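# Summary of structural features
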There are 2 protein chains.
Amino acid sequence: MARKSSADMEKTKQVLLEEGVALLQERGYHATGIQEIATSANIPKGSFYNYFASKEEFAAAVIRHYAQTSLCSWQESLNQAAAQYETGEVLYQTFLAATEKYRCSEQKKGCLLGNLAAEISEASEECRQALQASIANFIKVLAEHLARGQAIGAVRRELEPQLLATIVWDVWQGSLLRMKVEKSVAPVQADLDVLFHQLLRP
Amino acid sequence: MARKSSADMEKTKQVLLEEGVALLQERGYHATGIQEIATSANIPKGSFYNYFASKEEFAAAVIRHYAQTSLCSWQESLNQAAAQYETGEVLYQTFLAATEKYRCSEQKKGCLLGNLAAEISEASEECRQALQASIANFIKVLAEHLARGQAIGAVRRELEPQLLATIVWDVWQGSLLRMKVEKSVAPVQADLDVLFHQLLRP
């Protein structure tokens, strides 16, 4: 069999990452085998190691890939909301749109970052670091938007935006866990409403 | 080998549940094998099935056992705090004491309910239902205490206690996920402070 060109290698690596997001999001780390991952990308199991040294290294790369693409699509969604809503409503509407995506997914898989934080922060230092860096990026963007809300008086001002941003992130992740347990997005919608329309208001 | 008496059977079942809490809390569902569970309770692997029909049934029983004992010890902690602090501070102090227990555990294992909500809500309907019922019990107790806070004017009153209780639960669970990712209880302490001393205040 001829060696794959580096362009083909890169293409297969991207397929592995995409399939990895789907598999790890649905089943978690331990319930997903390298054989399944390889099969999903149409490569033999042995070839997997041409792309990643281990399942752990693969999972860390999947975390970074998921976080990067999610943050990109989330920022697009923020920009769309910014064009439609006043500053104080932009974050609420963006989270509501994200919730709507979960509602349409029958599986209610939840957020890969939260799921893997729960499952493998202890077991894998490499994945823990990837999760930590990814979550910090989200909180940074949240803090910037909350600061804008504070500047126009739509968000309470007595707390640092960073502190409020971590609360928003934690409510979001906690409510996504309840979404999985309740098999419904109603807990997420209720939390977003209380948070953005009551607790964060001046 | 003589058959175990039903008292001995009950004792072994309790040991299995206790060891199950420790194993599932540290490693999660999929990374824990029946062999390990049996070994931890000093019984042969085959005997495990005298106690539980499957690993799934076992995990659901562990969830209920953990929730019951945690809720008991949490209510004791609430009573202790009620004797020491004013009504508006009782929940904050109780959560702070719970956080302190996590600080002392080197492993930062997190909450079994949150960890398994993330890992197996999808995969096991039996465990999902055990999680749902257990979490509802916690939220009920939280709502009762928040209603007391509202009655004396220490907690904001424009929202139903049930809605505030779910926010408190979700912030708690979200911050425990970040505790695992940050390897520190600082995120939990910061959230509790913002939540109880700012956002929930009238």
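Notes on the structure follow. (Residues numbered from 1 in each chain as written. Chains lettered and ligands numbered in written order. Predicted model: local features only at pLDDT ≥ 70, side-chain atom pairs only at ≥ 80, totals over all residues. Heavy atoms only, no water.)

## Concerning the packing of aromatic side chains
Within the structure shown, the criterion is met by 22 aromatic pairs over all chains. Summarising the aromatic geometry, the rings of Phe-48 of chain A and Phe-52 of chain A are spaced 5.9 Å apart at their centres and angled 40° between planes, so their arrangement reads as tilted. Comparing Phe-48 of chain A with Phe-52 of chain A shows no difference in burial state: the two are buried. Look at Phe-138 of chain B and Trp-169 of chain B: their rings are 5.2 Å apart centre to centre, the planes differ by 35°, and that puts the pair in the tilted class. On the criterion of sequence distance, the pair formed by Phe-138 of chain B in helix α7 (residues 125–151) and Trp-169 of chain B in helix α8 (residues 161–182) is long-range, its members being 31 residues apart. Classification of Phe-138 of chain B by relative accessible area gives buried; the value is 7%. The exposure class assigned to Trp-169 of chain B is buried, which follows from its relative accessible area of 5%. Looking at Lys-55 of chain A, its charged tip hangs above the ring of Tyr-29 of chain A, at a distance of 4.4 Å from the centre. (Phe/Tyr/Trp six-rings, centres within 6.5 Å; stacked < 30°, edge-to-face > 60°. Buried < 20%, exposed > 50% of the residue type's maximum accessible area, 1.4 Å probe, protein only. Helix = DSSP H or I, 4+ residues; strand = E, 2+ residues; numbered from the N terminus. Lys NZ or Arg CZ within 6 Å of the ring centre and 35° of its normal.)

## A few points about the relation of the copies chain B and chain A
Mapping chain B onto chain A calls for a rotation angle of 180° and an axial translation of 0.0 Å; the resulting RMSD is 0.0 Å. The superposition of one copy onto the other is thereby described by a two-fold rotation axis. An overlap of 100% is found between the interface residues of chain B and their copies at the interface of chain A, pointing to a shared contact surface. (Least-squares fit on C-alpha atoms with pLDDT ≥ 70 in both. Contact = heavy atoms within 4.5 Å.)

## Things to note about the interface of chain B and chain A
Accessible area lost on assembly of the parts is the figure often given for the size of an interface. Across the boundary between the two partners, chain B contributes 45 residues, which contact 45 residues of chain A. Sorting the residues of chain B by area buried against chain A places Glu-122, Val-181 and Leu-199 of chain B first, and these three jointly supply 17% of that buried surface. Where chain B meets chain A, there are four salt bridges. Counting every contact that joins chain B to chain A gives ten residue pairs in polar contact (both at pLDDT 80 or more). Residue assignment for the side of chain B that touches chain A shows that the elements contributing at least two residues are α1 (6–27), α6 (112–120), α7, α8 and α9 (186–199) of chain B. It is α8 of chain B that provides the largest number of residues to the side of chain B that touches chain A, a total of 15 residues. Partitioning the side of chain B that touches chain A into residue classes produces 18 nonpolar, eleven polar and 16 charged. (Buried area = accessible area lost by both parts, 1.4 Å probe. Salt bridge = Lys/Arg side-chain N within 4 Å of Asp/Glu carboxyl O. Polar contact = N/O pair within 3.5 Å; in protein donor to acceptor, adjacent residues only side chain to side chain. Nonpolar A, V, L, I, M, F, W, Y, C, P; charged D, E, K, R; others polar.)

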